[in-house]
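# Fold and geometry: a report
So you can see what is in the structure, the chains are spelled out below.
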Amino acid sequence: MNKTFNNKAWWLVLPVFLMVAFNALVPLMTVVNYSIQETFGNNEFFWSGTTWFEQILHDEAFHDSLRRQLIFTGLILLIEIPLGLAIALCMPRNGPWVSVCLVLIALPLLVPWNVVGSMWNIMALPDIGLLGKGINALGIPFNYTRQPISAWFTVILMDVWHWTSLVVLLCYAGLVAIPDAYYQAAKVDGARPWAVFRYIQLPKLKHVLTIAVLLRFMDSFMIYTEVIVLTGGGPGSTTKFLSIDLVQKALGGFDLGPAAAFSIVYFLIILFLSWLFYTLMMREEAK
Amino acid sequence: MRKRYIVLTLYIIFLMLPIYWLLNMSFKTTNEILGGFSAFPRDFTLDSYRTIFTDPSWYNAYINSITYVVINTIISVVIALPAAYAFSRYRFLGDKHLFFWLLSNRMAPAAVFVLPFVNLYSAVGLFDTPWAVALAHTLFNVPLAVWILEGFMSGVPKELDETAYVDGYSFPAFFVRIFLPTISAGIGVAAFFCFMFSWVEMLLAKNLTSVAAKPIVAAMTKTASTSGYELGLLAAAGVLTLIPGAIVIYFVRNYIAKGFALGRV
């Protein structure tokens, strides 16, 4: 759409600008402020330069949480994006079942995140939970409060349960938007289902898939509540992701300086990786 | 064809199993839960629900949560509407930068903002009110609403606006009487997403309140500490948090199907 240049449009954007500025700029200034100063209480602050940043960047614990976070997010994207796409392809296009399926599939998205954690906690209890009891009955020892592997399995399964639906809904919306004419043309050409998928559906889904990857990347990188309720970051610190580490530092230890430096590094990593994903996928699209 | 429906059915069963298990637990007595594994409640009881509906600290928590979610949804959608219109129809100084800056707030981890938010909202005297949580949640809901609505509005041809102006409509009259009804599906979808992300968020909601405005997500954490580990009560409280979500999905079910396709989202 060709848009006209009109600076009066700023008046329309002003409410959003003020609201978000109040919410984003003031706290961000606070964080930056803390990150370069040292405090001994009494609201007295001293300049400390880049000390906190150096401390965080050389901190083994930070490296470990970052590594865990990257592995977790990588696995989540590898599982949820193909699975979501596959499920969306299985959905009926029309008829009375569409609404039923959509409502059931969207349901996990509306469960409060701490309830998701509690739900899977109850589900995976080794002695009285359906999942825990079931796996143990198969002869595989399973205890998510003791074994790191069980804990990781449960956390990943929980996230797949919780968020694959978002990918399904986005892909389904993209699929429904493909005009019938494309399918008819494919039929005339005698295209096989795989060819229809590869040359019609997949290209048309690129836009929604980009959105799905970006949203899933950002949200899984920020995961906090579900994991803190399910495992509390344990056993040991094997499921301690970046947000959990940060909240422990900021609210638990009141180490304001290091926590603030951590926050800024964390935010910059998300911004950089989002930008990278976006650029790569858009370049792919431009081809 | 049949293989596709088997896959779909299996997936939906996978989605429903944890919800079933939660329901199952909520109808059991604490003794039965701790007594061992059972797939159905043997001593069917509504005690857990009775506790929640008679104890003010429980049911007030639900009311508090719904209050801030509704305030947040209304604020987010109302201020996002004109902004989305501006982004979809006009170019203006710094428009691209502004749009990206808005979206970048969607990428800000709540964990980063917890402490500064507590300071900020204490300073302006809103700490422990639903307004604090409602306003804090606009941080990620306003950018999302702008994004969704901009997608929907870009799908409406510009000729609609021009015809209306030729017919003598002023901008506000055109916006409210013609434009908003045209994109009602988009407003429904945007409101759905704002409701959803505000309803499910816990970290900010919990830390911006203490007693008076305590949300349900914070109230639920006490089942683990006060009187032992009350799984039945926890499950019942969890089941009740699913209800507002289920109702909202029911209302937008047709918008989800049509709506998603109309917007670029």
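Residues numbered from 1 in each chain as written. Chains lettered and ligands numbered in written order. Predicted model: local features only at pLDDT ≥ 70, side-chain atom pairs only at ≥ 80, totals over all residues.

### Digging into the overall build of chain B
Per the secondary structure count, chain B includes 13 helices and one strand. The order of α-helices and β-strands along chain B, N terminus first, is α-α-α-α-β-α-α-α-α-α-α-α-α-α. If one aligns the C-alpha atoms of chain B with their principal axes, the spans along those axes are about 75 × 60 × 30 Å. (Helix = DSSP H or I, 4+ residues; strand = E, 2+ residues; numbered from the N terminus.)

### A word on the overall build of chain A
Counting its regular elements, chain A contains twelve helices and three strands. In terms of overall dimensions, chain A has a C-alpha envelope of 75 × 70 × 30 Å along the principal axes. Sequence separation of 24 or more characterises 71% of the internal contacts of chain A that already satisfy a separation of 6 or more. (Contact = placed C-beta atoms within 7 Å.)

### Remarks on the interface of chain B and chain A
Between chain B and chain A, the residue contacts involve 80 residues of the former and 71 residues of the latter. Broken down by element, the residue count for the side of chain B that touches chain A peaks at 17 residues, all from helix 13 (residues 231-262) of chain B.

### Quick word on helix 11 (residues 242-252) of chain A
With respect to burial, helix 11 of chain A is a largely interior element, eight of its eleven residues being buried. Listed in full, the buried residues belonging to helix 11 of chain A are Leu242, Ser243, Ile244, Asp245, Leu246, Val247, Lys249 and Ala250 of chain A. (Buried ≥ 20, exposed ≤ 12 C-beta atoms within 10 Å, placed from the backbone.)

### Some remarks on the domain arrangement of chain B
Residues and elements named next belong to chain B. Domain boundaries in chain B define domain 1 (1-45) and domain 2 (61-262). Each of domain 1 and domain 2 was reduced to a C-alpha centroid, and the two centroids are 31 Å apart. Domain 1 puts eight residues into the contact, and the matching count from domain 2 is seven residues. The biggest single contributor to the side of domain 1 that touches domain 2 is helix 1 (residues 2-26), with four residues. (Domains from an automatic or database assignment.)

### Regarding the confidence of the model for chain A
Averaged over all residues, the pLDDT of chain A equals 84, while 93% of them reach at least 70. No element of chain A has a lower mean pLDDT than strand 3 (residues 45-47) of chain A, at 67, and none a higher one than helix 3 (residues 60-90) of chain A, at 91. (pLDDT = per-residue confidence, 0-100.)

### What to know about the nonpolar core
Ranked by size, the top nonpolar core spans 165 residues in total, and within it Ala80, Val146 and Ala190 of chain B carry the most contacts. A per-element tally of this core places helix 7 (residues 130-154) of chain B first, with 17 residues. Of the residues that make up this core, three or more belong to each of domain 1 (1-45) and domain 2 (61-262) of chain B. Setting aside residues up to four positions removed in sequence, Ala80 of chain B forms contacts with Val16 of chain A together with Val142, Ala145, Val146, Leu149 and Ala190 of chain B. (Core = buried A, V, L, I, M, F, W, Y, C linked by C-beta atoms within 7 Å.)

### Observations regarding helix 7 (residues 148-176) of chain A
With 29 residues, helix 7 of chain A ought to run about 42 Å at 1.5 Å a step, and its terminal C-alpha atoms sit 41 Å apart, in line with that. The largest bend along helix 7 of chain A measures about 35° and falls at Trp163 of chain A. (Expected span 1.5 Å × (residues − 1). Bend = angle between axes of the 7 residues up to and from the residue.)

### What to know about the environment of Tyr11 of chain B
The residue Tyr11 of chain B is located in helix 1 in this model. When the C-alpha positions of Tyr11 of chain B and Ser122 of chain B are compared, they lie 45 Å apart, and in sequence the two are 111 residues distant.

### Notes on unusual backbone geometry
Phi is positive for Asp128 of chain B, close to 65°, though the residue is something other than glycine. Here Asp128 of chain B is to be found in the loop between helix 6 (110-123) and helix 7.

### Looking at the packing of helix 1 (residues 9-35) of chain A against helix 7 of chain B
Any two packed helices are characterised by the angle at which their axes cross and by the distance between the axes. Across the interface, helix 1 of chain A lies against helix 7 of chain B with an axial gap of 9 Å and an inter-helix angle of 135°. Taken together, the axis directions place helix 1 of chain A and helix 7 of chain B in an arrangement best described as oblique. The two elements helix 1 of chain A and helix 7 of chain B meet at a crossing, and its hand is left-handed. Contacts from Val16, Met19, Val20, Asn23 and Ala24 of chain A of helix 1 of chain A reach helix 7 of chain B at Leu135, Ala136, Thr138, Leu139, Val142, Pro143 and Val146 of chain B. Taken together, the residues of the contact of helix 1 of chain A with helix 7 of chain B sort by class into ten nonpolar, two polar and no charged. (Axes fitted to C-alpha atoms, helices over the stretch in contact; angles between N-to-C directions. Parallel < 35°, antiparallel > 145°, perpendicular 65-115°, else oblique. Left-handed = near helix turned anticlockwise from the far one by under 90°. Nonpolar A, V, L, I, M, F, W, Y, C, P; charged D, E, K, R; others polar.)

### With respect to the environment of Leu15 of chain B
With respect to the helices and strands, the residue Leu15 of chain B is situated in helix 1. Along the sequence, Leu15 of chain B and Arg4 of chain B sit eleven residues apart, while their C-alpha atoms lie 17 Å from each other. Setting aside residues no more than four positions away along its own chain, Leu15 of chain B makes contact with Leu104, Ile105, Leu107, Pro108 and Trp161 of chain A.

### Let's talk about the environment of Ala86 of chain B
The residue Ala86 of chain B is located in helix 4 (residues 56-89) in this model. Along the sequence, Ala86 of chain B and Met153 of chain B sit 67 residues apart, while their C-alpha atoms lie 9.8 Å from each other. If we skip the residues at most four places from it in the chain, Ala86 of chain B touches Ala9, Leu12 and Val13 of chain A.

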